[in-house]
Amino acid sequence: MFPVDDSLHRASPIHGGVPIVVHLHGGEVHSSSDGHPDSWYTSKGEVGSTFSSQNHTYINEQSPLALWYHDHAIGITRLNVVAGLTGMYIITSQKEQEFLPVGLPLVIQDKQFFENGEINFPSVGIIPVYHEQWCPEDYGDTILVNGVIWPFFKVLPRLYRFRILNACSARFLVLSLDKPGMYFYQIGTDGGFLPQPWNLTSITLAPAERADVLIDFSGLLNGVSIVLNNSGPTPFPSGDIYQMPPKTYDILKFIVDEEEGYREGLVEGDYVSDIDFSSLLMDEKPLSKEDVVAIRTLSVVEWDNDNHLPLIFTLDNHTWEDPVVQEPVEGTTEIWELVNLRINAHPIHIHLVQFQALDQQSFSSLSYESGNCSLQVPYGENGSCFIEPAKDPYIYQRGWKDTVITWPGVVTRVIIRFSQRNGSAFGFDPSEGPGYAWHCHIVDHEDNVMMRPFVVTPNNTLAALTRNLGTFVPSFS
């Protein structure tokens, strides 16, 4: 559908066709089913270097949560995603449905269109002599929800559950409701339920992040409308919100209709306090700093030309093609310090695992890049790059996550255990197959080498104790 940029490292079939491979974002799956970027295939039978099968197996043993799926072919993910290859994938349980409905998905995207309705995607790069087609961020001027432009949604004056996904290519969303006194009751994040709901007037979602929310329309008169708004600047957070296309401020309109209000997503009971959220949490082993066996300091970098226009993006100063550096052992716990050296935020997604944000700490990027200080020296001591003590993550960054916002000039620390949430081994061997990826989820950056592979080292003791080796048998060609 769109021009393909040959200056990027990308899937390149000889005989044509569109390379694709499905990634279940947030899923705990064998790497042969994870949508490895080099596992692409085409309708003409050509395949990538790590391809094994078009058939993927999803065990679905995770806690109730909203995942999503999208294309992940190397170097052309942004093209396939904007073309429409995305969707939500919800794992539920009988216990959850005793208290709550599955809820209504709200998949939010932004696009541009030609007058004939075709998608308008950039065909000339920001630096054509370097990248003939690639642009650093694709921001649309039109908002879609579940594939519909600026939809309206009729609701009863009751309590509803919504599963919100930011499926935009690059746009960060700062969501709010335009009626004073109305709130989001956030009950879950990327990784499922929170111990108790948060009462929020706004929610910030980076591309790929999800929010599980309740919205209470009770007490509103028939015919009243409430607009779900967006105030996220582009780029985020340095952009000027007043330079945004006005049409991107509005997401969708809720209209109270006592006769024709939609009944799917209705929550039984009149109040959020009627729900016992603690009873919905599955058994899990808390993450602990005492279990940490490695701390990795990993840079998040944009490389610009003399006019401050981006050429490429890297993680840990490496590209996708460089040798694997991160090789965590299954069942062990690590801290990853994500060091954002530039002026805009990057959402970092780590495949296979759910993790938690520990803290965030501002530092002097200029002094660090000049070599005049160190991130290994604590705040307040001579030679430290840090300009403040570590702070708790923002409220919308808490809970179990698979994607985290790395703020500019900030070290964002996440704690990761390479196991199931209860500490058990995965129901498959994560050391087999092509391995996994971690990357920026601004897909334009991901396609321009802001993605790195990692492999999981086997832990035979953990596997022998907890893994049923007959549960999953991958097939390889």
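Positions within a chain are numbered from 1, following the residues in the order the chain's sequence is written. In keeping with the predicted nature of the model, local features appear solely for residues at pLDDT of at least 70, side-chain atom pairs appear and are counted solely at 80 or more, and the whole-chain, interface and lining totals rest on all residues. Derived side-chain values reflect all non-hydrogen atoms in the structure, with water molecules and hydrogen atoms excluded from consideration.

S.K.: Looking at this structure, I do not really get the pattern of salt bridges. What am I missing?
M.R.: A side chain of one charge can pair with a side chain of the opposite charge if their charged atoms are brought near each other. Any Lys or Arg side-chain nitrogen found within 4 Å of a carboxyl oxygen on Asp or Glu counts as a salt bridge. Summed over the entire model, instances satisfying the criterion amount to 18 salt bridges. One salt bridge in this structure joins Lys154 and Glu260, with 2.7 Å as the shortest N-O distance. Of the two residues, Lys154 is situated in strand β7 (residues 152-155) and Glu260 in the loop between β15 (250-256) and β16 (292-304); the sequence distance between them amounts to 106 residues. Any residue under 20% of the maximum accessible area for its type is buried, any over 50% is exposed, and the rest in between are partly exposed; the area is computed with a 1.4 Å probe on protein chains only. Overall, Lys154 belongs to the partly exposed group, its relative accessible area being 27%. Residue Glu260 is classed as exposed on the basis of its relative accessible area, which comes to 52%. Put simply, Glu337 and Arg413 hold a salt bridge, and the shortest N to O gap is 3.0 Å. Highlighted residues: Glu337 in strand β18 (residues 333-340) and Arg413 in strand β22 (residues 410-417), separated in sequence by 76 residues. Relative accessible area serves as the criterion here: at 12%, Glu337 is assigned to the buried category. Overlapping salt bridges, with partners in common, bring together Asp190, Glu209, Arg210, Lys401 and Asp402 in one network. Every helix listed is a DSSP run of H or I at least four residues long, and every strand listed is a run of E at least two residues long, numbered separately from the N terminus.

S.K.: Please explain the sheet that holds strand β14 (residues 225-230) as it appears in this structure.
M.R.: Backbone-to-backbone hydrogen bonds pair the strands of a sheet. The strands run either parallel or antiparallel. Taking strand neighbours across the sheet as the criterion, the five strands line up as β7-β15-β14-β9-β12 in an open arrangement whose pairing is mixed. Single-partner strands in this sheet number two, and they are β7 and β12 (202-205). Across the sheet, the mean angle from the axis of one strand to that of its neighbour is 20°, orientation sign disregarded. By definition, two strands form a pair when at least two bridges between them are found by DSSP. Inspection of the sheet shows strand β9 (residues 173-177) paired to β12 by four bridges, in the antiparallel sense. Axis lines are fitted through C-alpha atoms, for helices just across the contact stretch, and the angle between N-to-C directions can take any value from 0 to 180 degrees.

S.K.: What should I look at first to understand the UniProt feature "domain: Plastocyanin-like" (unreviewed entry) in the protein in this one?
M.R.: Taken from the UniProt record, the annotation "domain: Plastocyanin-like" (unreviewed entry) applies to residues 317-459. Across residues 317-459 one finds 7% helix and 29% strand; the C-alpha atoms that close the span lie 29 Å apart. UniProt positions are given in the numbering used here, feature names are shortened, and annotations may be inferred rather than shown by experiment.

S.K.: I would appreciate a short explanation of the environment of Asp444 in the present structure.
M.R.: Relative to the assigned elements, Asp444 resides in helix α4 (residues 443-447). With 365 residues separating them along the chain, Asp444 and Leu79 place their C-alpha atoms 8.9 Å apart. Ignoring anything within four residues of it in the chain, the contact list for Asp444 reads Arg78, Phe121, Trp134, Cys135, Pro136, Glu137, Asp138, Ser169 and Ala170. Residue contacts follow a heavy-atom distance rule, with two residues in contact if any of their heavy atoms lie within 4.5 Å.

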